[in-house]
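So the chains spell out like this:
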Amino acid sequence: MIPTYSADMDPEQFRKYGYTLIDWIVEYFSHPERYNVLAQVRPGEIREALPPSPPDKPEAIEDVIDDLTRIITPGLTHWNHPGFFAYFGTTASGPGILADLLSSTFNTNAMLWRTGPAAVELEVVVLGWLRQLLRLPEGLFGIINDTASVSTLVAIAAAREALDLGIRERGMAGRPDLPQLRLYTSDQAHSSVEKGAIVLGIGRDGVCKIPVDSEFRMRADLLEKAILDDRAAGRKPFCIVATVGTTSTTSVDPVSAIADIAARYGLWLHVDGAYAGVSGMIPGMEWVLAGVEKADSLVVNPHKWLFVPFDLSVLYCRKPEILRRAFSVVPEYLRTTEEETAINFMDYGIQLGRRFRALKLWMVIRYFGAEGLRERLQDHIELGRKFKQWVEKDPEFELLAPVLFSVICFRHIPSPYSHTMDASTDRLNIHNEKLLDAVNATGEVFLSHTKVNGKYTIRMAIGNLRTTEVHVKRAWELLQEHGRRLAKESF
Ligand SMILES: Cc1ncc(COP(=O)(O)O)c(C=O)c1O
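Please read all numbers here as calculations on a predicted model, not as lab measurements.

Caption draft 1: Representation of the side chain of Asn432. As for its position among the elements, Asn432 is in helix α15 (residues 425–441). Contacts of Asn432, omitting those with residues within four sequence positions, involve Arg411, His412, Tyr456 and Ile458.

Pasting the structure below:
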């Protein structure tokens, strides 16, 4: 049957359920205590609660909302919960959520300028705003990707293309005569760097992990030595990835010194500021992005610590013509007359289709204003400073890394050992793993871990707009309480 009416949901129904769901969202945010932050379900439990086959007949939206409330929501780990302190704190803020609703409404695809002129131009404008907020140089090209993993992959591809070795045409396999390509990053860098190297045929053997100093920063002297050793051995250094805010401890590599080395040996420098880069906008924290102006590319993730709902990662690049050389493939069906006068973002990355993500960054920046964003970041740093002081004051806890932003790395050392430190690392590792599990099992908070110098390390990552001092304090109480209890049981 050929429809003579809109085949979509009836507009009045849309209005009704739209209001219902907005109310649902407000209720959800008003009562975070109703949900465990870390989902307390076993693998397969949610799947079993859902019908294995799709419905033949239309179902009432009320029933769908009911299942959402009963089955899906309790089976989620709640990243927007004020007690979420794992990995890096993130926030889907109100303006960001509303913008996502609009983005779906337009369903625009910003692949070419003509397929979404306002979406493309808003992306250019809003990335210009973010660049100014971060005090980065004028003239930087910016593009929105889904994640930092993709932004970094794209940057490494550009670094490879900059070598002009014909790899784009012949592939790595078509150049068996090439020396081994080498990429340098610290042994604290995010796994996405290694993944990028794998995808691009550099291979894990092509990644040289440079040791760090006592504060987990890449050793620039060892970087230079590694480059010289590789050159002497006939390998081809081509790229350095420095990190501003490493995942484990949020350490900051000496970008300026690394940039000088990159310039000296003609290597591409990419800076991974996925988490901490945005804090460069805070007055007095210019040091965060110092030296980045000399880098070839930089990634920052507004979906991490700038209150934009997942996903939105920004890649800035000083050499967009190289990005374009690496990625532009224009078949006839995508040719347009504006190629010379407008940006077609599909030419600068992997994706053809691109969601209208700029809208949510625009809404978030306009709603909070630059001052509001800076204040909120500062508040998180202040909460982090308080938590750090509590850790430092309690003789049963040990701080394991400097606190530069709002992530605190620490472990519990039960009192008989807190002074003598004679409990073995293994024993303390098991104890701290149990402590983390116990605290997370309360459902009130969710923290994650890492290993620092072989020590099991609990990470407290503050970064959600709904988190207040009450939530941070509660996490601390739970850690103290369960630390003492478990110590009695096993020490
Ligand atoms: C320093 C750093 N870089 C990159 C990433 C990857 O981010 P994404 O999930 O956006 O790919 C992370 C994730 O936590 C990170 O901490």
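Caption draft 2: Representation of the packing of aromatic side chains. Evaluation of the coordinates by the stated rule reveals 22 aromatic pairs. Here Phe88 and Tyr275 contribute two aromatic rings whose centre-to-centre distance is 3.9 Å and whose plane-to-plane angle is 10 degrees, an arrangement assigned as stacked. A residue pair is termed long-range when its members are at least 10 positions apart, and Phe88 in the loop between β1 (84–85) and α4 (94–106) and Tyr275 in the loop between β6 (268–273) and β7 (297–300) qualify at 187 residues. Classification of Phe88 as buried rests on a relative accessible area of 6%. On the basis of relative accessible area, Tyr275 is assigned to the buried category, the value being 2%.

Caption draft 3: Representation of the site of the ligand. Neighbouring the ligand are 13 residues, the closest being Ala148, Ser149, Thr247, Asp272 and Asn301. A distance of 3.3 Å is found between an oxygen atom of the ligand and a side-chain nitrogen or oxygen belonging to His303. Burial of the ligand by the protein amounts to 87% of the accessible area it has alone, namely 400 Å². Elements represented by at least two residues in the shell around the ligand include exactly α6 (148–161) and α11 (302–305). Taken together, the residues of the shell around the ligand sort by class into 3 nonpolar, 8 polar and 2 charged.

Caption draft 4: Region of the structure containing the pattern of salt bridges. Scanning the model with the defined rule gives 38 salt bridges in all. Arg219 is the salt-bridge partner of Asp221, the closest N and O atoms lying 2.8 Å from each other. Assessed through its relative accessible area of 31%, Arg219 is described here as partly exposed. With a closest N to O distance of 3.7 Å, Asp296 and Arg318 form a salt bridge.

Caption draft 5: A look at the pairing of strand β2 (residues 141–145). Taking burial as the measure, the 5 residues of β2 include 5 buried ones, the bulk of the element. A two-sided burial pattern is seen for β2, the buried positions comprising Phe141, Ile143 and Asn145 on one face and Gly142 and Ile144 on the other.

Caption draft 6: Spatial organisation of the packing of α6 against helix α8 (residues 191–199). Where α6 contacts α8, the axes come no closer than 9 Å and their chain directions differ by 50 degrees. As far as their axial angle goes, α8 and α6 are oblique. In this structure, the crossing between α6 and α8 has a hand that is right-handed. Two secondary-structure elements touch here, α6 through Ser149, Thr152, Leu153 and Ile156 and α8 through Ser192, Val193, Gly196, Ala197 and Val199.

Caption draft 7: Just unusual backbone geometry, in detail. In this structure, Asp311 follows Phe310 across a cis peptide bond, with omega equal to 10 degrees. Position of Asp311 among the secondary structure elements: in the loop between α11 and β8 (313–317). One non-glycine residue with positive phi stands out, namely Tyr87, at about 45 degrees. Following the sequence through the fold, Tyr87 ends up in the loop between β1 and α4.

Caption draft 8: Just a nonpolar patch on the surface, in detail. Nonpolar side chains collect at one region of the surface, where Ile22, Val26, Leu98 and Leu101 lie side by side and expose about 340 Å² of accessible area between them. As for its placement among the helices and strands, Leu101 is situated in helix α4.

Caption draft 9: How the structure looks around the side chain of Ser93. Among the secondary structure elements, Ser93 is positioned in the loop between β1 and α4. Of the polar contacts made by the side chain of Ser93, one reaches the backbone oxygen of Phe307; its length is 2.7 Å. Excluding anything up to four places from it in sequence, Ser93 contacts Phe307, Val364, Phe368, Leu465 and Arg466.

Caption draft 10: Inspection of the pairing of β6 at higher detail. Most of β6 sits out of view: 6 of its 6 residues are buried. With burial as the criterion, each face of β6 is covered, one bearing Trp268, His270 and Asp272 and the other bearing Leu269, Val271 and Gly273. Of the pairings in the sheet, the one linking strand β5 (residues 236–243) to β6 comprises 5 bridges and is parallel in character. Note on β6: the bridge partner recorded for Ile240 is Leu269. As for the winding sense of the linkage, the β-α-β connection from β5 through helix α10 (residues 255–265) to β6 is right-handed. Inspection of the sheet shows β6 paired to β7 by 4 bridges, in the parallel sense. Residue Val271 lies in a different strand from β7, and its bridge partner there is Leu298.

Caption draft 11: How the structure looks around the nonpolar core. Ile240 and Leu269 are the most contacted members of the largest nonpolar core, which totals 105 residues. The dominant element in this core, judged by the number of residues it contributes, is helix α13 (residues 358–393), at 9 residues. Aside from chain neighbours lying at most four places away, what touches Ile240 is Tyr184, Met218, Leu223, Ile227, Ile258, Ala262, Leu267, Trp268, Leu269 and His270. Among the nonpolar cores identified, the runner-up in size contains 25 residues, and Leu383, Phe397, Ile408 and Leu479 belong to it.

Caption draft 12: The arrangement of the sheet that holds strand β12 (residues 455–461) in detail. One open sheet holds the 5 strands; their spatial order is β1-β11-β12-β10-β9, and the pairing between them is mixed. Two strands lie at the open edges of the sheet, namely β1 and β9 (397–399), each paired on one side alone. Looking at chain direction, β9 and strand β10 (residues 407–412) are connected through 3 bridges and run antiparallel. If you follow Glu398 over to β10, its bridge partner there is Arg411.

Caption draft 13: How the structure looks around α6. End to end, α6 covers 20 Å across 14 residues, agreeing with the expected 20 Å (1.5 Å per residue, within 8%). With respect to burial, α6 is a largely interior element, 12 of its 14 residues being buried. Among all positions in α6, only Ala148, Ser151, Thr152, Leu153, Val154, Ala155, Ile156, Ala157, Ala158, Ala159, Arg160 and Glu161 are buried.

Calculation notes
Residues numbered from 1 in each chain as written. Predicted model: local features only at pLDDT ≥ 70, side-chain atom pairs only at ≥ 80, totals over all residues. Heavy atoms only, no water. Helix = DSSP H or I, 4+ residues; strand = E, 2+ residues; numbered from the N terminus. Contact = heavy atoms within 4.5 Å. Phe/Tyr/Trp six-rings, centres within 6.5 Å; stacked < 30°, edge-to-face > 60°. Buried < 20%, exposed > 50% of the residue type's maximum accessible area, 1.4 Å probe, protein only. Near = heavy atom within 4 Å. Polar contact = N/O pair within 3.5 Å; in protein donor to acceptor, adjacent residues only side chain to side chain. Areas by Shrake-Rupley, 256 points an atom, 1.4 Å probe, with all protein chains shown as cover. Nonpolar A, V, L, I, M, F, W, Y, C, P; charged D, E, K, R; others polar. Salt bridge = Lys/Arg side-chain N within 4 Å of Asp/Glu carboxyl O. Axes fitted to C-alpha atoms, helices over the stretch in contact; angles between N-to-C directions. Parallel < 35°, antiparallel > 145°, perpendicular 65-115°, else oblique. Left-handed = near helix turned anticlockwise from the far one by under 90°. Patch = residues over 30% accessible without salt bridge, like charges linked within 9 Å, V, L, I, M, F, W, Y side chains within 5 Å. Pairing = 2+ DSSP bridges. Right-handed = clockwise from strand over helix to strand, strands pointing away. Core = buried A, V, L, I, M, F, W, Y, C linked by side-chain atoms within 4.5 Å. Expected span 1.5 Å × (residues − 1).

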